[in-house]
Amino acid sequence: MLTAKQKELLLYIHERIKETGVSPSFDEMKEALDLASKSGIHRLITALEERGFLRRLPHRARALEVLKMPDSAATAAPPKGRQSFRPSVVGESRSNGSAAGIPILGQIAAGVPIEAIQSEIGRITPPEDLLGSGDHFALEVKGDSMIQAGILDGDVVLIKRTDTADSGDIVVALVDNEEATLKRLRKRGNSIALEAANPAYETRIFGPDRVRVQGKLVAMIRRYS
């Protein structure tokens, strides 16, 4: 799953390469997506690269190769200008866990951020002693950035709903009200760091107004085939 901005950028790059034979410049991408700085473009390209949609060709300027397109792109026209996107926020209008289980609210990225959780895709009934008190939901993990914390691609994490966390907690974090990710939270003065548990991924640092905690990891379930 890609965020709206990631998909918008991928479609723009794809169309420009088809039209001109070369990928657009960072300034052109920034203007097309109506972003304030090129750092946002760098972040989007890195996310698309890590998810296998783009590849940077070495030793060449303005050299991006589109490796694949999202499934919905076959019939979609490339977006123009700024798009309005408001993700569903985890925890709004959800029921507590019960005998029927707790909701699995989609996938969460342990690696590249993905869109904030959209809808319930199933339910799971974990042992009661895994949860404790409070309201909970579950998410399926995609990616490998938390492998040194024992969280692997395909695991199901059980999350207690909360909007607060201590430094060192593994949390579901909503970044810029657009992207959700599973990371270890570190408080660094007035900044918030979202820390991977895999040296292949860099720690991302944000101002406190850019990150909202949506829940804390309390347990994990792994399926074996």
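So, how was this worked out
- Residues numbered from 1 in each chain as written.
- Predicted model: local features only at pLDDT ≥ 70, side-chain atom pairs only at ≥ 80, totals over all residues.
- Heavy atoms only, no water.
- Helix = DSSP H or I, 4+ residues; strand = E, 2+ residues; numbered from the N terminus.
- Buried < 20%, exposed > 50% of the residue type's maximum accessible area, 1.4 Å probe, protein only.
- Contact = heavy atoms within 4.5 Å.
- Areas by Shrake-Rupley, 256 points an atom, 1.4 Å probe, with all protein chains shown as cover.
- Phe/Tyr/Trp six-rings, centres within 6.5 Å; stacked < 30°, edge-to-face > 60°.
- Lys NZ or Arg CZ within 6 Å of the ring centre and 35° of its normal.
- pLDDT = per-residue confidence, 0-100.
- Salt bridge = Lys/Arg side-chain N within 4 Å of Asp/Glu carboxyl O.
- Patch = residues over 30% accessible without salt bridge, like charges linked within 9 Å, V, L, I, M, F, W, Y side chains within 5 Å.
- Lys, Arg positive; Asp, Glu negative; His and termini not counted.
- Charge placed at Lys NZ, Arg CZ, Asp CG, Glu CD.
- Axes fitted to C-alpha atoms, helices over the stretch in contact; angles between N-to-C directions.
- Parallel < 35°, antiparallel > 145°, perpendicular 65-115°, else oblique.
- Left-handed = near helix turned anticlockwise from the far one by under 90°.
- Nonpolar A, V, L, I, M, F, W, Y, C, P; charged D, E, K, R; others polar.
- Expected span 1.5 Å × (residues − 1).

**Concerning the overall build of the protein**
Right, on to step 1. When you go through the protein residue by residue, the secondary structure sums to three helices and twelve strands.
Right, on to step 2. Put simply, the protein has 225 residues, and 43% of those count as buried.
Right, on to step 3. Expressed as a percentage of contacts within the protein between residues at least 6 apart in sequence, the contacts between residues at least 24 apart total 62%.
Right, on to step 4. For the protein, the computed accessible surface area is about 11600 Å², with 47% contributed by carbon and sulfur atoms.

**A closer look at the environment of Q214**
Right, on to step 1. Looking at the element boundaries, Q214 is found in strand β12 (residues 211-221).
Right, on to step 2. With 42 residues separating them along the chain, Q214 and V172 place their C-alpha atoms 5.4 Å apart.

**Re the packing of aromatic side chains**
Right, on to step 1. Counted by the stated rule, this structure contains zero aromatic pairs.
Right, on to step 2. The positively charged end of K68 is found above the aromatic ring belonging to F53, 4.7 Å away from the centroid.

**Regarding the confidence of the model for the protein**
Right, on to step 1. Here the protein averages 78 in pLDDT, and 79% of its residues register 70 or above.
Right, on to step 2. When mean pLDDT is taken per element in the protein, strand β10 (residues 191-195) scores highest with 94 and strand β4 (residues 114-115) scores lowest with 48.
Right, on to step 3. Note on residues 72-99: pLDDT under 50 across the span, and 52 contacts to partners over four residues away in sequence or across chains.

**Re the pattern of salt bridges**
For side chains bearing opposite charge, pairing can occur when the charged atoms are close.
Right, on to step 1. Summed over all chains, the structure comprises 13 salt bridges.
Right, on to step 2. For E65, the salt bridge goes to R55, with nearest N and O atoms at 2.3 Å. Of the two residues, E65 sits in strand β2 (residues 64-66) while R55 sits in strand β1 (residues 54-56), which places them ten residues apart along the sequence.
Right, on to step 3. The exposure class of R55 is partly exposed, given its relative accessible area of 40%.
Right, on to step 4. Each of R43, D176, E179 and R210 takes part in one network of salt bridges that share partners.

**With respect to a negative patch on the surface**
Right, on to step 1. On the surface, E50, D144, D153 and E202 cluster together into a negatively charged patch.
Right, on to step 2. Secondary-structure assignment places E50 in helix α3 (residues 38-50).

**Description of the packing of helix α1 (residues 4-20) against helix α2 (residues 26-33)**
Right, on to step 1. With their axes 11 Å apart at the nearest point, α1 and α2 run at an angle of 125° to one another. Compared by their axis directions, α1 and α2 come out oblique. Considering the relative orientation of α1 and α2, their crossing is right-handed. Where α1 abuts α2, its residues K5, E8, L9, Y12, I13 and R16 lie against E28, M29, A32 and L33.
Right, on to step 2. Here the residues of the contact of α1 with α2 sort into six nonpolar, no polar and four charged.

**Notes on the environment of D129**
Right, on to step 1. As for its placement among the helices and strands, D129 is situated in the loop between β5 (122-124) and β6 (136-142).
Right, on to step 2. Residue D129 is classed as exposed on the basis of its relative accessible area of 72%.
Right, on to step 3. Between the alpha carbons of D129 and A219 there is a distance of 10.0 Å; along the sequence they are 90 residues apart.

**Some remarks on α1**
Right, on to step 1. Taking 1.5 Å per residue as the helical rise, α1 with its 17 residues ought to reach 24 Å, and the 24 Å between its terminal C-alpha atoms agrees with that figure.
Right, on to step 2. Where α1 ends, the next residue or the one after it, G21, has phi of about 85°, a positive value.

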